[in-house]
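Each chain, letter by letter, is given below.
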Amino acid sequence: MSARIPPVLRPEHPAARPLAELVNAFGLRVVGSTDGIEVTGVTLSAAEVQPGDVFVGVHGAHRHGAEFAADAAERGAVAVMTDDAGVALAAPSGLPVIVVEDPRAALGDVSAWVYRTTQDAEDLPQLFAVTGTNGKTSTAYLLEAVLGQLGLVTGLSSTAERHIGQLSVTSRLTTPEASEMHALLARMRESEVRAVAVEVSAQALSRHRVDGIVFDVVAFTNLSHDHLDDYADMEEYFQAKLPLFQPEHGRRGVVSLDSEWGARVVAESRIPVTTITVRPEVEAEWRVEITEAAAAYTEFRLTGPEGRSLTTRVPLIGWHMAANAALAIVMLVEGGFELGAIEQALRHEDGTSGIDAYLPGRTERVSGDEGPSVYVDFGHSPDAFLNTLAAVRQFTPGKVIMLFGADGDRDTTKRADMARVAAAGSDVLVVTDHHPRFEDPASIRKTLVDAAREAYPDHELYEVTPPEAAIRHAVSLAGEGDSILWAGPGHQDYRDIRGVRTEYSARDEARAALREAGWTPGEARR
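Residues numbered from 1 in each chain as written. Predicted model: local features only at pLDDT ≥ 70, side-chain atom pairs only at ≥ 80, totals over all residues. Heavy atoms only, no water.

(A) A look at the packing of aromatic side chains. In this structure the tally under the stated criterion is 3 aromatic pairs. On the basis of an interplanar angle of 35° and a centroid distance of 5.1 Å, the ring pair of Phe 238 and Trp 261 is categorised as tilted. Note that Phe 238 is positioned in helix H8 (residues 234-241) and Trp 261 in helix H9 (residues 261-268), a separation of 23 residues in sequence. By the burial criterion, Phe 238 is buried, and Trp 261 matches it. Aromatic side chains Phe 385 and Phe 404 sit 5.3 Å apart centroid to centroid with 80° between the ring planes, which places their arrangement in the edge-to-face category. (Phe/Tyr/Trp six-rings, centres within 6.5 Å; stacked < 30°, edge-to-face > 60°. Helix = DSSP H or I, 4+ residues; strand = E, 2+ residues; numbered from the N terminus. Buried < 20%, exposed > 50% of the residue type's maximum accessible area, 1.4 Å probe, protein only.)

(B) Geometry of the sheet that holds strand S12 (residues 195-199). If you walk across this open sheet you meet the 11 strands as S11-S10-S9-S12-S8-S13-S14-S15-S16-S17-S18, and the pairing is mixed. The open sheet has two edge strands with one neighbour each: strand S11 (167-170) and strand S18 (309-314). Neighbour-to-neighbour, the strand axes of this sheet turn through a mean angle of 20°, independent of strand direction. One ladder, built from 5 bridges, connects strand S13 (residues 215-220) with strand S14 (residues 250-256); its direction is parallel. The residue bridging Ala 219 from the neighbouring strand is Val 254, located in S14. Relative to the sheet, helix H10 (residues 319-334) contacts strand S8 (126-131), S13, S14, strand S15 (273-277), strand S16 (286-293), strand S17 (298-303) and S18, its axis offset from that of S17 by approximately 40°. (Pairing = 2+ DSSP bridges. Axes fitted to C-alpha atoms, helices over the stretch in contact; angles between N-to-C directions. Contact = heavy atoms within 4.5 Å.)

(C) The arrangement of helix H13 (residues 415-425) in detail. Taken together, the buried positions of H13 are occupied by Arg 415, Met 418, Ala 419, Val 421, Ala 422, Ala 423 and Gly 425. Residues of H13 that are buried sit in contact with helix H12 (382-394), strand S21 (400-404), strand S22 (428-431) and helix H14 (441-455).

(D) Quick peek at the nonpolar core. The biggest cluster of nonpolar side chains holds 44 residues, and the ones touching the most others in it are Ile 276, Leu 302, Ile 329, Ile 342 and Ile 355. At 11 residues, the largest contribution of residues to this core is made by H10. Setting aside chain neighbours within four positions, we find Ile 355 in contact with Leu 142, Ala 145, Val 146, Gln 149, Thr 312, Arg 313, Pro 315, Ala 325, Ile 329 and Leu 346. Judged by nonpolar contacts, the second largest core, of 37 residues, contains Met 188, Val 210, Leu 223 and Leu 244. (Core = buried A, V, L, I, M, F, W, Y, C linked by side-chain atoms within 4.5 Å.)

(E) Just the pairing of S15, in detail. Burial runs high along S15: 4 of the 5 residues are buried. With 4 bridges connecting them, S14 and S15 associate as parallel partners. From the neighbouring strand, Gly 253 faces S15, where its bridge partner is Val 273. Once you follow S14 into H9 and on to S15, the crossover reads as right-handed. Pairing of S15 with S16 involves 2 bridges; the strand directions are parallel. For Thr 277, the partnering residue across the bridge sits in S16 and is Arg 287. (Right-handed = clockwise from strand over helix to strand, strands pointing away.)

(F) Spotlight on the pairing of S22. The two faces of S22 match: Val 428 and Val 430 on one face and Leu 429 and Val 431 on the other face are all buried. Bridge count between S21 and S22: 4 bridges; the pairing is parallel. Note that in S22 the partner of Leu 403 across the bridge is Val 430. Following the chain from S21 across H13 to the adjacent parallel S22, one finds a crossover that is right-handed. Relative to strand S23 (residues 460-463), S22 is paired through 4 bridges, and the arrangement is parallel. Looking at S23, one finds that Val 430 is bridged to Tyr 462. Crossover S22 to S23 through H14 is right-handed.

(G) Layout of the sheet that holds strand S19 (residues 364-365). Here 6 strands make up an open sheet; going across it, the order is S19-S20-S24-S21-S22-S23 and the pairing mixed. Looking at which strands have only one partner, the edges of the open sheet turn out to be S19 and S23. Running over the sheet, H12 touches strand S20 (373-377), S21 and strand S24 (483-487) and is turned about 150° from S21. Across the face of the sheet, H14 comes into contact with S21, S22 and S23 while running at roughly 170° to S23.

(H) Spotlight on the packing of helix H4 (residues 103-115) against helix H6 (residues 178-190). It is at 8 Å that the axes of H4 and H6 come closest, and there the two elements cross at 25°. Overall, the two elements H4 and H6 adopt an arrangement that is roughly parallel. With respect to the hand of their crossing, H4 and H6 are arranged in right-handed fashion. Residues Leu 107, Gly 108, Ser 111, Ala 112 and Tyr 115 of H4 form the contact with H6, whose own contacting residues are Ala 178, Ser 179, His 182, Ala 183, Ala 186 and Arg 189. Each residue belonging to the contact of H4 with H6 can be placed in one class, and the counts come to 6 nonpolar, 4 polar and 1 charged. (Parallel < 35°, antiparallel > 145°, perpendicular 65-115°, else oblique. Left-handed = near helix turned anticlockwise from the far one by under 90°. Nonpolar A, V, L, I, M, F, W, Y, C, P; charged D, E, K, R; others polar.)

(I) Representation of the environment of Ile 342. The residue Ile 342 is located in helix H11 (residues 339-345) in this model. In this structure, the C-alpha to C-alpha distance between Ile 342 and Glu 460, residues 118 residues apart in sequence, is 47 Å. When near neighbours in sequence (up to four residues on either side) are disregarded, Ile 342 contacts Val 146, Leu 150, Leu 310, Ile 329, Leu 332, Val 333 and Phe 337.

(J) Broad picture of the environment of Gln 246. Examined against the element boundaries, Gln 246 turns out to sit in the loop between H8 and S14. Look at Gln 246 and you get buried, because its relative accessible area is 12%. Apart from residues lying up to four places away in sequence, Gln 246 is in contact with Glu 268, Ser 269, Arg 270 and Ile 271.

(K) Representation of unusual backbone geometry within the structure. Cis geometry marks the peptide bond from Thr 465 to Pro 466, where omega comes out at 0°. Backbone geometry at Glu 192 places phi at a positive 60°, although glycine is not the residue there. Phi angles above zero are rare outside glycine, and His 208 is one such case at about 65°.

Written as structure tokens, this is what we have:
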């Protein structure tokens, strides 16, 4: 069964704008007449055109998007925006064609104009953005949770979900295309959202997905080995992150110094930034100290300039999750919220303090109170494995079983490191499939198995496919006091097999495996 493609959230009551005004506002060249044409939306997908849309045809990996202009016209598109190569391809649609040098680069500003989400719009919510290799999603969720406890109507755009107040839909990309991003902001404005947490990937910055947006506060978590299928090396990957810390995209910044790249962000930022760290040997303006680590939460003290401090809990295990929570709090302080008001908002009726957050697929425990502890996590990089395995190990009296696979058609250079870290941090390793895409899954598994066995020849290791069988095998190896960490799928509700999104949930499979083994699984949360 194919998984349903999540919807794009658009304003429910779009206000039309004359196409001629758009052309004049940006000094664009147009082929055809714009007389009497009004625009209400923008999209890159002909299949998702709504009446009144400008359809944007970009040059793809295999075909030019302008080839689908006639399909877009049938669905109600009123104009096409494309490059010189797309003009002739769009001609059979009969629509006026706006010609730009780089349609993707123009998409953000044009979408902001159509949806009235330009940076000078007075009614936009406060915008917070976070980037980095690991911790982006967690920080965004924790930021949204604190904003909610402060009493604000919130919005979220993350790898896992899009939120508008109580409305929630599954995400397609970590950061939506620029047209979808501006449509989302316009819909949030309609819903009277006051503040928005946005996860921004390196690819989003490289591919202009947040163009036309200036965030009030931006943040950097860390940088580690990942995405070297998109970037030539770590330096190029780092440089892709930097535009978020320039005036074109951010007003103020918060930078974690927990990875060596943080100091580089500070040095090369062109906006005011403050710094934070959990590392005692590093100098920073804000400091995070773990005060208590328990199986259900991590408590930390956040201390800042002028002796300001706050002690609270995050309902997650691991120092890295406390660091993410502290980063979110400092982002709010930089955004104008008083630390004392945040402290009061986090105070519970029983006198304890904590962030009331649910992070789908982020070290998410899917097991019950008896039997082995089973965690599902989205982490799919060596550094993510390292931190999450250490957190699970801390609360496991028995053995730690690691279950994982690797993405097909993605960064192959990290696979061996993932396997070595997984073996080093576990007592038992189970290698299976993840998203094979168009790669041979057996070849991916072999790379992982070979790397783990070369590094740790005597390690207990199993290769099991498909994942449904792998989680059941892992559960069969586990008993009371043991833990299973299934890393990679996290919140995702599908597997990508030869370009088809096949419906699949690691959380549901893990619960089913526990149930079949005679254990009571934890309650599902959505």
